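Secondary and tertiary structure notes
This is what each chain is made of:
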Amino acid sequence: QVQLVESGGGLVQTGGSLRLSCVASRSILGFNSMGWFRQVPGNQRELVARITRDGIRNYADSVQGRFTFSGDYAKNTLYLQMNSLKPEDTAVYYCNAEVSGAGYWGQGTQVTVSS
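Residues numbered from 1 in each chain as written. Predicted model: local features only at pLDDT ≥ 70, side-chain atom pairs only at ≥ 80, totals over all residues. Heavy atoms only, no water.

**Points about the state of the cysteines**
Applying the stated criterion to the full structure yields 1 disulfide. Residue Cys-22 pairs covalently with Cys-95 via a disulfide, S to S 1.9 Å. In this structure the cystine formed by Cys-22 and Cys-95 twists about its S-S bond by roughly -80 degrees; its chirality is therefore left-handed. Of this pair, Cys-22 sits in strand S3 (residues 18-24) while Cys-95 sits in strand S9 (residues 91-99); the two residues are 73 residues apart in sequence, bridging distant segments of the chain. Judged by relative accessible area, which is 0%, Cys-95 ranks as buried. (Disulfide = S-S within 2.5 Å. Helix = DSSP H or I, 4+ residues; strand = E, 2+ residues; numbered from the N terminus. Buried < 20%, exposed > 50% of the residue type's maximum accessible area, 1.4 Å probe, protein only.)

**A few points about the packing of aromatic side chains**
Where two aromatic rings form a pair, the distance of their centres and the angle of their planes describe that pair. All chains considered together, the criterion is met by 3 aromatic pairs. Ring centres 5.1 Å apart and planes at 75 degrees place the aromatic pair Phe-37 and Trp-105 in the edge-to-face group. Linking Phe-37 in strand S4 (residues 33-39) with Trp-105 in strand S10 (residues 102-105), this pair joins segments that are 68 residues apart in sequence. In this structure Phe-37 comes out as buried when scored by relative accessible area, which is 11%. Looking at Trp-105, the relative accessible area reads 38%, which means it is partly exposed. An angle of 40 degrees between the planes, with centres 5.0 Å apart, marks the rings of Tyr-59 and Phe-69 as tilted. Here Tyr-59 is found in strand S6 (residues 57-59), whereas its partner Phe-69 is found in strand S7 (residues 67-72), with 10 residues between them in sequence. Members of the aromatic cluster, joined through ring pairs, are Phe-37, Tyr-94 and Trp-105. Positioned over the ring face of Tyr-94 is Arg-45, at 3.6 Å from the centre of the ring. (Phe/Tyr/Trp six-rings, centres within 6.5 Å; stacked < 30°, edge-to-face > 60°. Lys NZ or Arg CZ within 6 Å of the ring centre and 35° of its normal.)

**Re the pairing of S4**
Most of S4 sits out of view: 6 of its 7 residues are buried. Between the end of S4 and the start of strand S5 (residues 46-52), which pair antiparallel, lie 6 residues, with Gly-42 showing a positive phi angle near 90 degrees. With 7 bridges joining them, S4 and S9 adopt antiparallel strand pairing. Counted as the bridge partner of Gly-35 is Asn-96 from S9. (Pairing = 2+ DSSP bridges.)

**What about the environment of Phe-31?**
When you line up the elements, Phe-31 lands in the loop between S3 and S4. For Phe-31, a relative accessible area of 3% gives the class buried. Put simply, Phe-31 and Ala-97 are 66 residues apart on the chain and 6.9 Å apart in space, counted from C-alpha to C-alpha. In this structure, Phe-31 is in contact with Val-2, Ala-24, Arg-26, Arg-53, Ala-97, Glu-98 and Val-99, ignoring residues within four places of it in sequence. (Contact = heavy atoms within 4.5 Å.)

Structure, rendered in C-alpha coordinates:
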(Lines give C-alpha, C1' and ligand atoms only; values in the text may rest on other atoms or scores of the structure.)
Protein backbone atom coordinates (compact mmCIF):
# COMPACT_ATOMS: atom_id res chain seq x y z
CA GLN A 1 0.00 0.00 0.00
CA VAL A 2 1.30 3.43 -0.99
CA GLN A 3 -0.17 6.81 -0.17
CA LEU A 4 0.63 9.79 -2.38
CA VAL A 5 0.06 13.42 -1.41
CA GLU A 6 0.35 16.23 -3.94
CA SER A 7 0.88 19.88 -3.20
CA GLY A 8 1.99 23.04 -4.97
CA GLY A 9 -0.97 23.80 -7.16
CA GLY A 10 -2.54 27.21 -7.32
CA LEU A 11 -3.36 30.17 -9.49
CA VAL A 12 -0.69 31.58 -11.77
CA GLN A 13 -0.60 33.96 -14.71
CA THR A 14 0.24 32.89 -18.23
CA GLY A 15 4.00 32.49 -18.52
CA GLY A 16 4.45 31.85 -14.84
CA SER A 17 5.79 28.82 -13.02
CA LEU A 18 4.72 26.35 -10.39
CA ARG A 19 6.43 23.40 -8.76
CA LEU A 20 4.27 20.46 -7.80
CA SER A 21 5.35 17.96 -5.17
CA CYS A 22 4.27 14.39 -4.62
CA VAL A 23 5.26 12.78 -1.34
CA ALA A 24 5.00 9.01 -1.07
CA SER A 25 4.44 7.14 2.17
CA ARG A 26 7.52 5.02 1.61
CA SER A 27 10.68 4.92 -0.48
CA ILE A 28 10.11 5.48 -4.17
CA LEU A 29 13.31 3.71 -5.22
CA GLY A 30 11.53 0.41 -5.80
CA PHE A 31 8.59 1.83 -7.74
CA ASN A 32 8.10 0.58 -11.29
CA SER A 33 7.19 4.09 -12.36
CA MET A 34 6.10 7.45 -11.08
CA GLY A 35 4.56 10.30 -12.92
CA TRP A 36 2.04 13.06 -13.27
CA PHE A 37 -1.33 13.06 -14.99
CA ARG A 38 -3.87 15.80 -15.39
CA GLN A 39 -7.60 15.92 -15.91
CA VAL A 40 -10.01 18.56 -17.10
CA PRO A 41 -13.67 18.03 -16.15
CA GLY A 42 -15.38 15.89 -18.78
CA ASN A 43 -12.10 14.61 -20.19
CA GLN A 44 -10.01 11.52 -19.65
CA ARG A 45 -7.05 11.74 -17.34
CA GLU A 46 -3.99 12.25 -19.53
CA LEU A 47 -0.29 11.62 -19.08
CA VAL A 48 1.86 14.67 -18.42
CA ALA A 49 5.19 13.14 -17.49
CA ARG A 50 6.42 9.79 -16.25
CA ILE A 51 9.67 8.09 -15.34
CA THR A 52 10.20 4.34 -15.15
CA ARG A 53 12.45 2.43 -12.80
CA ASP A 54 15.06 2.02 -15.53
CA GLY A 55 15.16 5.78 -16.07
CA ILE A 56 13.04 6.14 -19.18
CA ARG A 57 11.30 9.51 -19.17
CA ASN A 58 8.23 10.46 -21.13
CA TYR A 59 6.63 13.87 -21.52
CA ALA A 60 3.43 14.75 -23.27
CA ASP A 61 4.06 16.67 -26.48
CA SER A 62 2.06 19.58 -25.10
CA VAL A 63 4.46 20.08 -22.17
CA GLN A 64 7.75 19.08 -23.81
CA GLY A 65 10.38 21.71 -23.11
CA ARG A 66 8.28 23.43 -20.47
CA PHE A 67 7.84 20.84 -17.73
CA THR A 68 10.59 18.92 -15.98
CA PHE A 69 10.33 16.35 -13.22
CA SER A 70 12.89 15.21 -10.71
CA GLY A 71 13.04 13.23 -7.51
CA ASP A 72 14.43 13.57 -4.03
CA TYR A 73 14.82 9.98 -2.92
CA ALA A 74 15.72 10.90 0.65
CA LYS A 75 12.38 12.68 0.98
CA ASN A 76 10.33 10.10 -0.97
CA THR A 77 9.28 12.97 -3.20
CA LEU A 78 8.72 13.53 -6.90
CA TYR A 79 8.62 17.08 -8.26
CA LEU A 80 7.15 18.58 -11.40
CA GLN A 81 8.59 21.94 -12.36
CA MET A 82 6.12 23.71 -14.62
CA ASN A 83 7.41 26.70 -16.57
CA SER A 84 5.91 28.92 -19.26
CA LEU A 85 2.45 27.94 -18.15
CA LYS A 86 -0.48 28.38 -20.52
CA PRO A 87 -4.23 28.54 -19.87
CA GLU A 88 -4.57 25.13 -21.51
CA ASP A 89 -2.45 23.69 -18.70
CA THR A 90 -5.33 24.35 -16.32
CA ALA A 91 -6.39 21.04 -14.80
CA VAL A 92 -6.30 18.92 -11.70
CA TYR A 93 -2.88 17.29 -11.54
CA TYR A 94 -2.51 13.83 -10.04
CA CYS A 95 0.56 11.99 -8.88
CA ASN A 96 0.73 8.36 -9.93
CA ALA A 97 2.87 5.42 -8.90
CA GLU A 98 3.04 1.88 -10.19
CA VAL A 99 4.32 -0.67 -7.70
CA SER A 100 4.34 -4.42 -8.31
CA GLY A 101 1.54 -4.23 -10.83
CA ALA A 102 -0.68 -1.99 -8.71
CA GLY A 103 -1.46 1.63 -9.43
CA TYR A 104 -1.81 4.38 -6.86
CA TRP A 105 -3.11 7.92 -7.14
CA GLY A 106 -2.86 11.05 -5.07
CA GLN A 107 -5.86 13.22 -4.31
CA GLY A 108 -4.98 15.79 -6.95
CA THR A 109 -3.98 19.43 -6.84
CA GLN A 110 -5.64 22.17 -8.85
CA VAL A 111 -3.55 24.23 -11.26
CA THR A 112 -5.23 27.25 -12.79
CA VAL A 113 -3.48 29.45 -15.35
CA SER A 114 -5.12 32.77 -16.02
CA SER A 115 -4.90 34.48 -19.38
